[in-house]
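Below are the chains, spelled out letter by letter.
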Amino acid sequence: MISRRKLLKRLSALPLVGGIMGTGFSMAPTWEDDTEFVPKRDVIKELGLRTFVNAAGTYTAMTASLMPKEVMDTIVSSSQHFAMLDEVQDKVGEKIAKLCHAEAATVTAGCWSAMVLGLAGILTGTDKKKIAQLPNLEGMKSEVIVQKSHNVGYVHALTNTGVRIVEVETAADVDRAINSKTAMMWFLNYQAPDGKIQHEEWVALGKKHGIPTMIDMAADVPPVENLWKYNDMGFDLVCVSGGKAMKGPQSAGILMGRKDLIEAARLSAPPRGGTIGRGMKVNKEEILGMYVALDLYIKKDHEKEWKSWEDKVAHIAEAAEKVESVTTEVSVPPIANHTPYLKISWDLQRIPITRTELQEKLRMGDPSIEVMGSGDNTINLTVFMLRPKEERIVAKRIQEELNAAKV
Ligand SMILES: *Cc1c(COP(=O)(O)O)cnc(C)c1O
């Protein structure tokens, strides 16, 4: 399986939307329950924006996920009232904490922002002078311990606060690395299999040395249990994205964990200004929308949803395999975007179309479709971001284009 990072890199190398705006196709907006909604002003159409069937996944560049109707109802209805931002956070935080077995929680501007604010809280506590001073760490701790294999791009959220990353590999390394400057120990959930120290041991090491631990599990639901698993395990702070599989607002996420740390983190977040987090504002509509999205996500029938993903993948695979020389393979990443992926490959001698050419054909078609790809003769797709019945469109279009390219 190709990494998300590589996929994104390839995606960014693609020609930009501007060149293909002429197709002018825009699908009628539908909610998950498939009721049609006709807007008074269709801005998507007005601006000539290309919309597409998302068979790629929850990529920020593709606006990641679509919010369910209940979430949008919350956003619309709450938009007609003023409320004190801190009160909204207090009430929602209490509910989220309860749902996820945490002492406390707060809605942040995404998982990234949860990491910045969570660490800021650890560094400053409730000291107003320190809060105003970040990212100047004078008089504060300044190091965060990270396993070497976890030290990827996401640590930038941590270094935003001014800290330095200290790499370790073994438990003995952790014992050696901890000193009076150590602020936190950070764990990147999806990299766990590549690290020598697993979750429980990381938490135990933190407790042994009195150092708070944080876990980044941004894209790591499903399974739904992950929402409380790491709180139950004893991580002091847990950070998760709201706008990936949970289908909350794209610019929302959750920071949850120890009450004192959440309180301190909020001192660096709006409505308070003159802080490192002033730019990480979440409006009340999105805070409430995040809560409703989480609540809906927890309550949904996950087994039924999984079965529907498998059915959709099977439908697309079956259609593609009708074309001679085409082979398919289903896989499920164990952590992060844990959902069935379908790999479709073909014999370039018999179907001389490269995967970038096929991606372009699908993109230029009506409706436009986005899929990922790897190598010269393979496309990769997921179905968890498809709207009702779109798997039929995807299956038909892939079959059509592969057939058309046959010699
Ligand atoms: C998506 C992601 C983030 C950033 O989350 P946002 O909600 O987009 O801020 C951080 N870490 C990991 C591992 C991610 O996948």
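About the cut-offs
Going along each chain's sequence as written, the residues are numbered from 1 onward. The model is predicted, so local features are restricted to residues of pLDDT at least 70 and side-chain atom pairs to those at 80 or more, both for listing and for counting; the totals for chains, interfaces and linings are taken over all residues. Water and hydrogen atoms were dropped before computing side-chain values, which therefore reflect all heavy atoms in the structure. A residue's pLDDT is simply how confident the predictor is in it, with values from 0 to 100. By definition, residues are in contact when any of their heavy atoms lie within 4.5 Å. Numbering of helices and strands runs from the N terminus, with a helix taken as a DSSP run of H or I at least four residues long and a strand as a DSSP run of E at least two residues long. Three labels apply to residues, based on accessible area from a 1.4 Å probe with only protein chains included: buried if under 20% of the type maximum, exposed if over 50%, partly exposed otherwise in between. Aromatic rings from Phe, Tyr and Trp, with only the six-membered ring used for Trp, were paired whenever their centres fell within 6.5 Å, and each pair was classed as stacked if the ring planes differed by under 30 degrees, edge-to-face if by over 60, and tilted otherwise. Between Lys or Arg on one side and Asp or Glu on the other, a salt bridge is scored when a side-chain nitrogen of the former is within 4 Å of a carboxyl oxygen of the latter. We score Asp and Glu as negative and Lys and Arg as positive, and we do not count His or the chain ends. In this analysis, strands are considered paired if DSSP registers two or more bridges between them. Each axis is a line fitted through C-alpha atoms, and for a helix only the stretch in contact is used; angles between axes span 0 to 180 degrees, taken between their N-to-C directions.

In this section: the confidence of the model for the chain. The pLDDT averaged across the chain works out to 93; a share of 91% of its residues lies at or above 70. Note that pLDDT drops below 50 for residues 7-26; the model gives that stretch 31 contacts with residues more than four away or on any other chain.

A word on unusual backbone geometry. Cis peptide bonds are those with omega within 30 degrees of zero, and the linkage from Val-221 to Pro-222 qualifies with -5°. Topologically, Pro-222 is positioned in the loop between strand E6 (213-216) and helix H10 (226-233). Note the cis peptide between Asp-366 and Pro-367, where omega equals 0°. Among the secondary structure elements, Pro-367 is positioned in the loop between helix H14 (355-364) and strand E11 (369-370). At His-101, a residue that is not glycine, the phi angle is positive and equals roughly 60°. Checked against the element boundaries, His-101 lands in the loop between helix H4 (85-99) and strand E2 (104-108). Backbone geometry at Ser-325 places phi at a positive 80°, although glycine is not the residue there. By the secondary structure assignment, Ser-325 is in the loop between helix H13 (302-321) and strand E9 (327-331). Among the residues examined, Ser-325 registers a relative accessible area of 23% and is labelled partly exposed.

What the rule picks out here adds up to six aromatic pairs. Centre to centre, the rings of Trp-309 and Phe-384 are 5.9 Å apart; their planes meet at 85°, and the pair counts as edge-to-face. Highlighted residues: Trp-309 in helix H13 and Phe-384 in the loop between strand E13 (378-382) and helix H15 (390-405), separated in sequence by 75 residues. Cluster of aromatic residues (ring-pair linked, three or more members): Phe-187, Trp-202, Tyr-230 and Phe-235.

Applying the stated criterion to the full structure yields 28 salt bridges. Ionic pairing is found between Lys-196 and Glu-169, a salt bridge with its closest N-O pair at 3.3 Å. Taken together, the residues Lys-196 in the loop between strand E5 (182-188) and helix H9 (199-209) and Glu-169 in the loop between strand E4 (164-168) and helix H8 (171-177) connect sequence positions 27 residues apart. Accessibility expressed as a relative area gives 57% for Lys-196, which makes it exposed. Owing to a relative accessible area of 36%, Glu-169 belongs among the partly exposed residues under this scheme. Of the charged contacts in the structure, one is a salt bridge between Arg-397 and Glu-401, with a shortest N-O distance of 2.9 Å. In this pair, Arg-397 and Glu-401 are both assigned in helix H15, four residues apart and thus about one turn of the helix distant. Across this residue pair, the class does not change: Arg-397 and Glu-401 are buried.

The next subject is the side chain of Glu-391. Relative to the assigned elements, Glu-391 resides in helix H15. Despite its burial, Glu-391 pairs with no opposite charge, the nearest such side chain being Lys-312 at 4.2 Å. Among all residues touching Glu-391, those that are not within four sequence positions of it are Lys-312, His-315, Ile-316 and Leu-386.

This next bit is on the sheet that holds E9. Judged by pairing direction, the sheet is antiparallel, and its four strands sit side by side in the order E9-E10-E13-E12 without closing on themselves. Pairing within the sheet leaves two strands with one partner each, and these edge strands are E9 and strand E12 (372-374). Mean inter-strand twist for the sheet, computed between neighbouring axes without regard to direction, equals 25°. Pairing of strand E10 (residues 341-345) with E13 involves five bridges; the strand directions are antiparallel. Bridged to Ile-344 within E13 is Ile-379.

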